[in-house]
Every structure is written in structure tokens, then in C-alpha cells.
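Architecture and fold: a report
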Amino acid sequence: MTGLYVFLALVLVVLLGLWLTWTANRLDRMHHRIDVARGTLDAQLLRRSGATLELASSEVLDPPSRLVLLDAANHARNAGPEEFEAAESDLSQALRAVFAQPAAVESLRDDPTVRPLVDELARDCARVELARRFHNDVVVSARALRSRRRVRWLRLAGRA
């Protein structure tokens, strides 16, 4: 009878080990997805700032709008890691301020030489929004898993 208890205890330990290994691997995959999503977001942000620089330097906007966009886009492109988020936020605010009126955007789209630049900027802004949402969703999922007791108590999350 004691042999049966030892066998059941051994099976339980193996199953617990497999479950914890699966949880640790899942968390590791989530961290990898965060890294990939962050890289994608950074690439999309750089594309958006490049499209903004191209449109602002095309001289179709009024001078104050051009200066605001050129300054914000240039700052976003050249920002260091510690100020990157603030610079990108400033660029988003500048884009919203300059293109606040739909009529102004439509007047830019009426010009056949500027339309591709405006369309490219609109696509890049949409891609940034999607990349940001995807990154935030992955981070929320990873934080939810990291906050579970078994992950915290057994330190399965490591230092990622």
C-alpha cells in the first residue's frame, strides 16, 4: 500500500513539474512576443516620423505647421532611449494639432503631388496605432501571468 502512495506522490510531483515548466515556457514566449512587438512599434514610429519629415519638407503646408512638424519629427528621429517616448508623444500631438481640420487634410489630398505623401502618413499613423495596441495587449497579458501567485512564489518570471 505504501508503494502506491509513493507512486502517486511521484506522479503528482512530475505533473506539478510539467505544469510549472509549461507556465515558465509560456511566460518566456510572452516576453519574446513583447520584444518583437516593441521592435515592430519602434520601426513603425520611425516610418511615421520619416513620412512626417517628408511631408513637412515638401513646402505645401503653411510655415508654422511646417516648423512644428519638422521640429517634432526631427526630435523623434534623433531622441535617445530615455526621451524616445516623450518625443514620439510630442510628434503625435503635433500631427493632431496640424491636421485637426478634415478640410485642411482634404485640401492637401486635392493636390496630386502631395496626395501620396498624405496617404503614406495616414497609413503610417494607422500602423503605429495598431502596433501600439498589439504591444499593449501583449504587455497586459504578460503582466497578468507574472502577477499570479505560482509565478511570483516560485520566481518563474526571472528578471525579464
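Given the structure is predicted, the values throughout are model-derived calculations rather than measurements. (Residues numbered from 1 in each chain as written. Predicted model: local features only at pLDDT ≥ 70, side-chain atom pairs only at ≥ 80, totals over all residues. Heavy atoms only, no water.)

**Some points on the side chain of Thr52**
As a reminder of what qualifies: Note on conventions: DSSP H or I runs of at least 4 residues are helices, E runs of at least 2 residues are strands, and numbering of each starts at the N terminus. Here the term buried applies to any residue with accessible area under 20% of the maximum for its type, exposed to any over 50%, and partly exposed to those in between, with areas from a 1.4 Å probe on protein chains only. Here a residue-residue contact requires only that any non-hydrogen atoms of the pair lie within 4.5 Å.
Considering the arrangement of structural elements, one finds Thr52 in helix 1 (residues 2-56). Overall, the relative accessible area of 0% leaves Thr52 in the buried class. Not counting chain neighbours up to four residues away, the residues in contact with Thr52 comprise Leu69, Ala73, Leu91, Leu95 and Leu121.

**So, helix 3 (residues 84-98)**
The test is simple: Helix span, as expected, comes to 1.5 Å for every residue beyond the first. Directions from the helix axis toward the C-beta atoms define the arc.
Given a rise of 1.5 Å per residue, 15 residues ought to cover 21 Å, and the 21 Å separating the end C-alpha atoms of helix 3 matches this to within 8%. Within the sequence span of helix 3, burial applies to Phe84, Ala87, Glu88, Leu91, Ser92, Ala94, Leu95 and Val98. Down the axis, helix 3 shows its buried residues gathered within 165° of arc, on one side only. Of the residues in helix 3, the exposed ones pointing more than 90 degrees away from the buried face are Glu85, Arg96 and Ala97. On its buried side, helix 3 packs onto helix 1, helix 2 (63-78) and helix 5 (115-146).

**A closer look at unusual backbone geometry**
Here Glu59, not a glycine, exhibits a phi torsion of approximately 65°, which is positive. Positionally, Glu59 belongs in the loop between helix 1 and helix 2.

**Points about the packing of helix 4 (residues 102-110) against helix 5**
Rule in force here: Between N-to-C directions, angles span 0 to 180 degrees; the directions come from axes that are lines fitted to C-alpha atoms, helices contributing only their stretch in contact. For classification purposes, an angle smaller than 35 degrees is called roughly parallel, one larger than 145 roughly antiparallel, one from 65 to 115 roughly perpendicular, and anything else oblique. Side-chain classes follow a simple rule in which Ala, Val, Leu, Ile, Met, Phe, Trp, Tyr, Cys and Pro form the nonpolar group, Asp, Glu, Lys and Arg form the charged group, and the remainder, Gly included, forms the polar group.
The contact between helix 4 and helix 5 brings their axes to 7 Å, and the two run at 130°. In terms of their interaxial angle, helix 4 and helix 5 are classed as oblique. Residues Val105, Leu108 and Arg109 of helix 4 form the contact with helix 5, whose participating residues are Arg115, Val118, Asp119 and Ala122. Across the contact of helix 4 with helix 5, the residue classes break down as four nonpolar, no polar and three charged.

**Considerations on the pattern of salt bridges**
The cut-off we apply is this: We count a salt bridge whenever a side-chain nitrogen from Lys or Arg sits within 4 Å of a carboxyl oxygen from Asp or Glu.
Evaluation of the coordinates by the stated rule reveals eight salt bridges. Residue Arg38 pairs with Asp42 through a salt bridge whose shortest N-O separation is 3.3 Å. Pair noted here: Arg38 and Asp42 are both in helix 1, with a separation of four residues, about one helical turn. With a relative accessible area of 26%, Arg38 lands in the partly exposed category. Between Arg115 and Asp119 there is a salt bridge; the shortest N-O distance is 3.7 Å. Of this pair, Arg115 and Asp119 both sit in helix 5, four residues apart, which is roughly one turn of that helix.

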